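# Observations on the three-dimensional arrangement
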Amino acid sequence: MSSWKPEDHIPPQIKRILSKRNPNHVLAFLSITQLLKLQKRTGWINNGITNAESISDHMYRMGVMSMLIKNPNVNRDKCVRISLVHDIAESLVGDITPMDPMTKEEKHHREFETVKYLANELIKPYNEIAAKEIIEDWLTYENGIGLEGKYTKDLDKYEMLIQCFEYEQQYNGEKNLDQFYGCANVIQTEEIKQWTKDLLEEREAYFHELTKKNHQEL
Ligand SMILES: Nc1nc2c(ncn2[C@H]2C[C@H](O)[C@@H](COP(=O)(O)O)O2)c(=O)[nH]1
Ligand SMILES: [Mn+2]
């Protein structure tokens, strides 16, 4: 594993908070979460989306989606929590795409080190229970544990697909984002498979109408 350390990637203004005699750990942690609001998702930036969503935008809608789950066996509140922390390590690690050269092992190492740092160094001094829960929720997602792990993995992909379709419409079908739709095939739960099927039908109808309109204008 690399010698990559989360503390080496903390912005100076947050390091200043942590360097005080009695550091305000809550403020430092919440200031780090601001980086999720500022960082735009790499997959969209790489495809020239100018008003790309942030990492926290993505996690927010996943949280809202979690509330809609109908399967009574799923702990929806846990899915909301998992959604809100599943990409929290990207605050310091950055948003790595499947196209990036970084190995899955190195990505996991950096993200897990960051989650442990945030929980044990910044949250635990204020709330030990919250620190433990955040590590547990993150590992539930990372390892796809139980229904909540499986559902949130699916929602991660489904949220990206909705956003992708929204960008295709924003660019009037002129930007090719086909590559993102491959992830539809790895959605596992029946409920989110149905959501995805419905979305793909909407997308098919959109492009059918667009083609018809373009032909009429020829
Ligand atoms: N260019 C592509 N980028 C992709 C694809 N699948 C995911 N991504 C991007 C989306 C995010 O920016 C990042 C990872 O997202 P997480 O929610 O897993 O952190 O990778 C793809 O097929 N093509
Ligand atoms: Mn995600």
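Residues numbered from 1 in each chain as written. Chains lettered and ligands numbered in written order. Predicted model: local features only at pLDDT ≥ 70, side-chain atom pairs only at ≥ 80, totals over all residues. Heavy atoms only, no water.

A separate point is the overall build of the chain. Summing up its helical and strand segments, the chain has 10 helices and 0 strands in all. Across its three principal axes, the chain shows a C-alpha extent of roughly 70 × 40 × 30 Å. Across the 218 residues of the chain, 47% fall into the buried class. Sequence-distant contacts, at least 24 apart, represent 68% of the contacts inside the chain between residues at least 6 apart. Between the averaged position of the 28 positive side-chain charges in the chain and that of its 35 negative side-chain charges there is a distance of 5 Å. (Helix = DSSP H or I, 4+ residues; strand = E, 2+ residues; numbered from the N terminus. Buried < 20%, exposed > 50% of the residue type's maximum accessible area, 1.4 Å probe, protein only. Contact = heavy atoms within 4.5 Å. Lys, Arg positive; Asp, Glu negative; His and termini not counted. Charge placed at Lys NZ, Arg CZ, Asp CG, Glu CD.)

This next bit is on unusual backbone geometry. Backbone geometry places N172, a non-glycine residue, at a positive phi of 50 degrees. Turning to its location among the elements, N172 is positioned in the loop between α9 (146-170) and α10 (190-216). On the basis of relative accessible area, N172 is assigned to the partly exposed category, the value being 46%.

Here we take up the confidence of the model for the chain. Overall, the prediction assigns the chain a mean pLDDT of 97, with 100% of residues at 70 or greater. For this predicted complex, the interface score ipTM comes out at 0.95, while the overall pTM is 0.96. (pLDDT = per-residue confidence, 0-100.)

Ideal geometry at a metal centre gives angles of 109.5 degrees when four donors are arranged tetrahedrally and 90 or 180 degrees when six donors are arranged octahedrally. Coordination of the manganese ion (ligand 2) by the protein is provided by H58 (NE2), H86 (NE2), D87 (OD) and D156 (OD), with metal-donor distances spanning 2.1 to 2.3 Å. Counting residues between consecutive donors of the manganese ion (ligand 2) along the chain gives the motif H-x27-H-D-x68-D. Taken individually, H86 and D87 each receive the classification buried, so the pair is uniform in this respect. (Donors = N, O, S within 2.8 Å, 3.2 Å for Na, K, Ca; no water.)

Attention now moves to the pattern of salt bridges. Counting across every chain of the model gives 17 salt bridges. The residue E128 makes a salt bridge to K132 at a minimum N-O spacing of 3.6 Å. Here the residue E128 and the residue K132 both occupy positions in helix α8 (residues 128-142), the gap between them amounting to 4 residues, near one helical turn. Classification of E128 by relative accessible area gives partly exposed; the value is 41%. Put simply, K78, R81, E133, E136 and D137 are held in one network by salt bridges that share partners. (Salt bridge = Lys/Arg side-chain N within 4 Å of Asp/Glu carboxyl O.)

Take the packing of aromatic side chains next. For the coordinates displayed, the defined rule picks out 6 aromatic pairs. The ring of F112 is capped by K116, whose NZ or CZ atom sits 4.3 Å from the centre of that ring. Looking at R203, its charged tip hangs above the ring of Y181, at a distance of 3.7 Å from the centre. (Phe/Tyr/Trp six-rings, centres within 6.5 Å; stacked < 30°, edge-to-face > 60°. Lys NZ or Arg CZ within 6 Å of the ring centre and 35° of its normal.)

Let us look at the side chain of T140. With respect to the helices and strands, T140 occurs in helix α8. Since its relative accessible area comes to 7%, T140 is described here as buried. When neighbours within four sequence positions are excluded, T140 is seen to be in contact with K78, I82, I145 and G149.

What follows deals with the site of ligand 1. Residues in close proximity to ligand 1 total 16 residues, the closest being R41, E90, D95, D156 and Q179. One of the backbone nitrogen or oxygen atoms of T42 is found 3.4 Å away from an oxygen atom of ligand 1. Between ligand 1 and the protein, one listed contact pairs an oxygen atom with a side-chain N or O atom of H58 at 3.3 Å. Bound to the protein, ligand 1 loses 87% of the 500 Å² it would expose on its own. Secondary structure elements with two or more residues in the shell around ligand 1: α3 (42-45) and α9. Residue composition of the shell around ligand 1, by class: 5 nonpolar, 6 polar and 5 charged. (Near = heavy atom within 4 Å. Polar contact = N/O pair within 3.5 Å; in protein donor to acceptor, adjacent residues only side chain to side chain. Areas by Shrake-Rupley, 256 points an atom, 1.4 Å probe, with all protein chains shown as cover. Nonpolar A, V, L, I, M, F, W, Y, C, P; charged D, E, K, R; others polar.)

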